[in-house]
Amino acid sequence: MVLKLTLVTLSISLFLGSSFLNVARAKEYMFFSVESFWMEKETTSPPLAMTGDIVAKKMKLVFDSEEIDIDPPAGELFYAKVRMDENRIRFKKDYISFSTDLGGNNPLIGINEFDIKNSDIEFSKTAITINSSVMNLFMDKVEFGLKNISLICNNDDDYSTQIDSLCLKNARFSKLSSSSNENDASLYLKDLNTDYKLELDFNLKELIVSEKNIEAQTRSITGKVVDTFYMLEQADFNCHKFPDQTSIDPEKLIGGCFAESQSNIKNFKLKKKDLRANILNANMNITADHFSLESDSAVFSSGAQNKKDITTIEELKVECHKLLTDQKRFNFERNLILEGCIEHADIKIAKVHVDEAKALQFLKAIQYERYEEVKETSHKFFNFLNFKEVSLRSEKGKFILLSKAKFLFRIPIKITGVMAFNKESKVFSMIINKASVLGITSKKLALYLVKKFVANDDIQVNENTINIQF
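Structure report, in brief. Because the structure is a prediction, the values reported are computed rather than measured. Counting starts from 1 at the beginning of each chain's written sequence and moves along it residue by residue. This being a predicted model, a pLDDT of at least 70 is required before a residue's local features are given, and a value of 80 or more before pairs of side-chain atoms are given or counted; all residues contribute to the totals for chains, interfaces and linings. To get the side-chain values, all heavy atoms of the structure are used, and hydrogens and water are removed first.

**Some thoughts on the pairing of strand β27 (residues 465-469)**
(1) Moving on: Summary of the burial criterion: residues with accessible area below 20% of their type's maximum are buried, those above 50% are exposed, and those between are partly exposed, where the area comes from a 1.4 Å probe applied to protein chains only. Each helix is a run of DSSP H or I of at least 4 residues and each strand a run of E of at least 2, with the numbering of both proceeding from the N terminus. Within β27, four of the five residues are buried, leaving the element largely enclosed by the surrounding structure.
(2) Moving on: Two strands are said to pair when DSSP picks up at least two bridges between them. Bridge analysis of strand β23 (residues 427-432) against β27 gives five bridges, and the strand direction is antiparallel. Across the sheet, residue valine 427 finds its bridge partner in β27, namely glutamine 469.
(3) Moving on: One ladder, built from four bridges, connects strand β26 (residues 459-462) with β27; its direction is antiparallel. Bridge pairing in β27 links valine 461 to isoleucine 466.
(4) Moving on: The antiparallel hairpin formed by β26 and β27 contains two residues in its connecting segment, where glutamate 463 sits at a positive phi of about 55°.

**A few points about the state of the cysteines**
(1) Moving on: Cysteine sulfur pairs qualify as disulfides if the two atoms are within 2.5 Å. Tallying each qualifying case throughout the model produces three disulfides.
(2) Moving on: Here cysteine 153 is linked by a disulfide to cysteine 167, with a sulfur-sulfur distance of 1.9 Å. Measuring handedness by torsion sign, the sulfur bridge of cysteine 153 and cysteine 167 sits at about 100° and is right-handed. On the criterion of sequence distance, the pair formed by cysteine 153 in strand β9 (residues 142-154) and cysteine 167 in helix α3 (residues 163-167) is long-range, its members being 14 residues apart.
(3) Moving on: On the basis of relative accessible area, cysteine 153 is assigned to the buried category, the value being 0%.
(4) Moving on: Note on cysteine connectivity: cysteine 320 is disulfide-linked to cysteine 341, with sulfurs 1.9 Å apart. On the S-S bond that ties cysteine 320 to cysteine 341, the torsion sits near 110°, and the link is right-handed. With cysteine 320 in strand β18 (residues 309-321) and cysteine 341 in helix α5 (residues 334-343), the pair connects residues that are 21 residues apart, well separated along the chain.
(5) Moving on: Going through the protein chain in sequence order and numbering each bonded cysteine, the pairs you get are 1-2, 3-4, 5-6.

**Digging into the packing of aromatic side chains**
(1) Moving on: Only the six-membered ring of Trp is used, alongside the rings of Phe and Tyr, when aromatic pairs are assigned; centres must lie within 6.5 Å, and planes under 30 degrees apart are stacked while those over 60 apart are edge-to-face, with the rest tilted. In this structure the tally under the stated criterion is seven aromatic pairs.
(2) Moving on: Seen in terms of ring centroids, phenylalanine 202 and phenylalanine 237 are 6.5 Å apart; in terms of plane orientation they differ by 55°. Their pairing is tilted. Placement of phenylalanine 202 in strand β12 (residues 198-209) and of phenylalanine 237 in strand β14 (residues 228-240) is noted, with a sequence separation of 35 residues between them. For the pair shown, phenylalanine 202 and phenylalanine 237 are each scored as buried.
(3) Moving on: Linked through ring pairs, Phe32, Phe37 and Phe114 together constitute an aromatic cluster.
(4) Moving on: Note on criteria: charge over ring means Lys NZ or Arg CZ within 6 Å of the ring centre, with the direction from the centre no more than 35 degrees off the ring normal. Cation over ring: lysine 322 sits above phenylalanine 291, and NZ or CZ is 5.9 Å from the ring centre.

**Looking at unusual backbone geometry**
(1) Moving on: The phi torsion at asparagine 118 lies on the positive side, around 45°, for a residue other than glycine.
(2) Moving on: Phi is positive for lysine 396, which is not a glycine, with a value near 50°.
(3) Moving on: Among the secondary structure elements, lysine 396 is positioned in the loop between β20 (382-395) and β21 (398-407).
(4) Moving on: Using a relative accessible area of 63% as the deciding quantity, one classes lysine 396 as exposed.

**A few points about the nonpolar core**
(1) Moving on: Joining through side-chain atoms within 4.5 Å is the link that ties buried Ala, Val, Leu, Ile, Met, Phe, Trp, Tyr and Cys residues into a set, and such a set is a nonpolar core. Residues Phe32, Phe37, Ile54, Met59, Phe114, Leu151 and Phe173 are the most contacted members of the largest nonpolar core, which totals 109 residues.
(2) Moving on: Residues contacting phenylalanine 32, with those up to four places away along its chain left out, are Phe37, Ile54, Lys58, Met59, Leu61, Phe91, Ser119, Asp120 and Ile121. Residues are treated as being in contact if the distance between any of their heavy atoms lies within 4.5 Å.

Set out below in structure tokens:
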């Protein structure tokens, strides 16, 4: 009799599979296979109270001695109202109601609303696994969304529902295997901080998070930071991640990238007011003490639609000193970037090609005495407003701009001055020394060049000072 029972038990075990036995033995386990699952907070203040609806294909919840198992027949769905009070979640269908206490492992703490569609979500002893067509989470300061994503967050053999802290230690994002080629994997982040407006949408190939790094291969990254729109095509990056980060904080994540990172971007576009930039094959390297950028070419377009001024550059190289800071939040630290470049910068451009019609307008506007000569011979010998071997070097606020323009032979250009940045007003100033090149004062020439790369309404000129508002 004993032998017979043993054989029956063994047969059942082999039939059900080891994974089921692991679940059955688990003290805590959750699995949701849902067509849709939506809940929102009733109030923004404690205690936690949420209501919503679920349309489930399958559910299994295990908490100590409590177990809920919902497995409708093939092709049928389980419809129920859902309510949560503190840590107790309740499912109500018609006149039947059942509930369980999630205890301290409530994954909905800190979430104001969530909306999930066509998703399998599993919380087990070894990992949090999410395979989702759509998952949107709305928190006090952050919106977070996934589309067509397979996400695995491994843990140390210790059951946890803390998605943010666990996935910020060890996670892999990739495309949902059941998704068609047209539906790429994407990750969406929006910072709701009123002082720091940020929206980013990642079209992912793969993203891997480890204790100290975030590494990603993307088809594109689009978004808005403060008042600037960005588009990065085929961007691959490896960013430092602060080990103490346990919550989804876009500012701190970007802060890690500005602490240390390497990026390769096939095409980098930005739009701000009436300025557009398009930088090709950009390689950026950020270390503890410097920023560097190299690009094959770039196109800058400034001015309104009917008054565009286009500038093309070849072989751009930028290197700036990086100021050290103990801050682990980004705070959109253009301040630190600018101050670092004022302390030390080395910028080199092989060639600058400007819009000839706009260049002639500039010479006419400043009543350049040789305007007619330039107009008649610009295609031959005199090409003063196309430059070669441009370099800008800054050292402790003093700068030297060197270049060469064509007039029968290459004429050297030298503009010197000082730079400063006012943190309170966020105004970057260039004070130009007196000098002239072929009758054009250095102030007017410098202003002309600056306007090629900065939105026009950000610039103010006061005598020999050019102010740029950030």
